[in-house]
Amino acid sequence: FFLNDTATTEIYTEQIVGSVRCVQETGRLLIELREKQEAEARVQRDAMQQKERLWKEQQLKGSKDPDEEKLRKLLLNRAKMAQLEATDEVKDMNKMVLNSQCVTIRDSQLLEKKYIQEEFRREERRKDLMLEIERLKAISHQDETQRKQRDQIRQGHQVIVDQICLLYTS
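Residues numbered from 1 in each chain as written. Predicted model: local features only at pLDDT ≥ 70, side-chain atom pairs only at ≥ 80, totals over all residues. Heavy atoms only, no water.

### Here we look at the pattern of salt bridges
Oppositely charged side chains are able to pair whenever their charged atoms sit close together.
Link 1 in the chain: The full count for this structure, using the stated rule, is twelve salt bridges.
Link 2 in the chain: Of the charged contacts, one joins Glu 32 and Arg 28 as a salt bridge, the two residues approaching to 2.7 Å between their closest N and O atoms. Of this pair, Glu 32 and Arg 28 both sit in helix α1 (residues 5-61), four residues apart, roughly one helical turn.
Link 3 in the chain: Since its relative accessible area comes to 41%, Glu 32 is described here as partly exposed.
Link 4 in the chain: A salt bridge links Glu 52 to Lys 56, with the shortest nitrogen-to-oxygen separation between them at 3.5 Å. Note that Glu 52 and Lys 56 are positioned in helix α1 at a spacing of four residues, about one turn of the helix.
Link 5 in the chain: Judged by its relative accessible area of 44%, Glu 52 is partly exposed.
Link 6 in the chain: Lys 56 sits in the partly exposed class, given a relative accessible area of 44%. (Salt bridge = Lys/Arg side-chain N within 4 Å of Asp/Glu carboxyl O. Helix = DSSP H or I, 4+ residues; strand = E, 2+ residues; numbered from the N terminus. Buried < 20%, exposed > 50% of the residue type's maximum accessible area, 1.4 Å probe, protein only.)

Right, dumping it as structure tokens:
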């Protein structure tokens, strides 16, 4: 098989021209995509600018929305409270409130400390009582052991005396 040179050249030419056309088509699609994205971004930017403009106009006119009115009142109340707190009387009252809270907490801590100490004393008394019971049991056991030993010694002594008596009587 010999290849026809013109046929081979045509195939290569068609592949190259086709690949160039593919690159051109891809470039055109990328440009269209970029333009579309830029247009969407412009639309979003314009919408945001419109919303901002409307918001500023509402702020200048005064709010008609009840939620915004509540928020505005809340902020005004906070500002008034901050101004009131700046006065010496309010500062003194706040100090007194904080001081009373501290005293209340301290009192509860002292009560808790007394309760814990009392619980500790009760537990110590219980342990002492248990130790005393154990000590008395040990003493009783020791006395019983000594009594048994004395009884054994007496029995042994009696056996010896009986044997001596038997020895002299016989």
